[in-house]
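A closer look at the structure
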Amino acid sequence: MNYRHDFHAGNFADVLKHVILTRILTHLRLKPAPFRVIDTHAGSGIYDLSGKEAQRTSEWRGGVGRMAEPFSPASEAVLAAWREALAAICPDGRHYPGSPLFIRHGLREEDRAAFNESHPAAEAALRKALPRRDDRLAITALDAYTIWNAQVPPNERRGLVLVDPPFESRDEFERLARGVKMMARKWTGGSLAVWYPIKDRAAVDGFEKAAAESGFPDVLVAELHTDRFDAEGPLAACGMLVANPPYTLEADLATLLPELAGRLATGRTARYRLDWLAKN
């Protein structure tokens, strides 16, 4: 598949990804030592939900567009960081931020972030979306897997790598598996979050097996299915694999995912999955 984010911004997959991202950032801020976030496929930074791309699919209506009504108090506690960041970044409700703006919002003065985007138009848009004078941020336009390998481990020794490919290549899962193994070897204590579409269960299972055997001590996977997935149809299921997750993340997602699957369902087979692939 070709997951051009302009067409999918704010959809159910973004909600899952960014809720998990903001929970990880909240956890990283609990300790005083600085951290670094590396975003390998950063995208354009911000997306106009009234633009022609978003309007062509209207996927945001089935994602962020369904999130206004409150959930249970326990689930709202899990959503709080995402809601606060979204309101601060895009108060007009007409835009939806990409991961870089969520990440920047979650940084303290002593923290750093590195954003990589190899597509020239998206990289130019990203530079416009971020402040020019913020010494905490760095932007590159290189191959995502090369930058992942080159930038871990960071000097801070604490932090997160976010990997969110467009899945334009047939060997994307294989490249992801090699990247997970590389990071487990070079930065076993770092956190990793990988987003992926679910179109081919065998490909996902192969990736999960490689991640489970990578050397990371703890690997958690969360899936959200809004309906039965179909290799040829629109995206209806996705996953997030998190290595070295915050100790609270499993409980957070166990609380939220049942309600989220119900709220964002588009068919009768909507469901969620929460499993440990490896547990120390």
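Everything in this summary refers to the structure shown in the same document. (Residues numbered from 1 in each chain as written. Predicted model: local features only at pLDDT ≥ 70, side-chain atom pairs only at ≥ 80, totals over all residues. Heavy atoms only, no water.)

This model, assessed by the stated rule, comprises zero disulfides. Left without a disulfide partner, Cys90 is nearest to the cysteine sulfur of Cys238, which lies 20 Å away. Owing to a relative accessible area of 7%, Cys90 belongs among the buried residues under this scheme. Given the relative accessible area of 0%, Cys238 is considered buried. (Disulfide = S-S within 2.5 Å. Buried < 20%, exposed > 50% of the residue type's maximum accessible area, 1.4 Å probe, protein only.)

Helix length check: helix H8 (residues 172-186) (15 residues) gives 21 Å between terminal C-alpha atoms against 21 Å at 1.5 Å per residue, within 8%. For H8, the complete set of buried residues consists of Glu172, Phe173, Leu176, Ala177, Gly179, Val180, Met182, Met183 and Ala184. The inward-facing, buried residues of H8 abut helix H7 (144-151), strand E6 (159-163), strand E7 (191-197) and helix H9 (201-212). (Helix = DSSP H or I, 4+ residues; strand = E, 2+ residues; numbered from the N terminus. Expected span 1.5 Å × (residues − 1). Contact = heavy atoms within 4.5 Å.)

We now examine the pairing of E7. Burial analysis of E7 places seven of its seven residues in the buried class, which makes it a mostly covered element. Burial along E7 is two-sided: the residues Ser191, Ala193, Trp195 and Pro197 and Leu192, Val194 and Tyr196 are all buried. Taken together, the four bridges between E6 and E7 define a ladder with parallel strand orientation. Following the sheet pairing, Val161 is matched in E7 by Leu192. Taken together, E6, H8 and E7 constitute a β-α-β crossover, and its handedness is right-handed. Two elements, E7 and strand E9 (residues 237-243), share six bridges in a ladder whose sense is antiparallel. Bridge assignment links Trp195 to a residue of E9, and that residue is Met240. (Pairing = 2+ DSSP bridges. Right-handed = clockwise from strand over helix to strand, strands pointing away.)

Looking at the secondary structure, you find Thr226 in the loop between strand E8 (219-225) and E9. Discounting chain neighbours no more than four positions away, the residues touching Thr226 are Phe12, Ala236, Leu264, Ala265, Thr266, Gly267 and Ala270.

So, about the packing of helix H4 (residues 73-89) against helix H5 (residues 99-106). Between H4 and H5, the least distance of the axes is 10 Å, while the angle of their chain directions is 105°. Judged by the inter-axis angle, H4 sits roughly perpendicular to H5. Counting all contacts with H4, which are made through Trp82, Glu84, Ala85, Leu86, Ala88 and Ile89, the residues of H5 involved are Leu101, Phe102 and His105. In the contact of H4 with H5, the residues fall into seven nonpolar, one polar and one charged. (Axes fitted to C-alpha atoms, helices over the stretch in contact; angles between N-to-C directions. Parallel < 35°, antiparallel > 145°, perpendicular 65-115°, else oblique. Nonpolar A, V, L, I, M, F, W, Y, C, P; charged D, E, K, R; others polar.)

In short, geometric facts, not functional conclusions.
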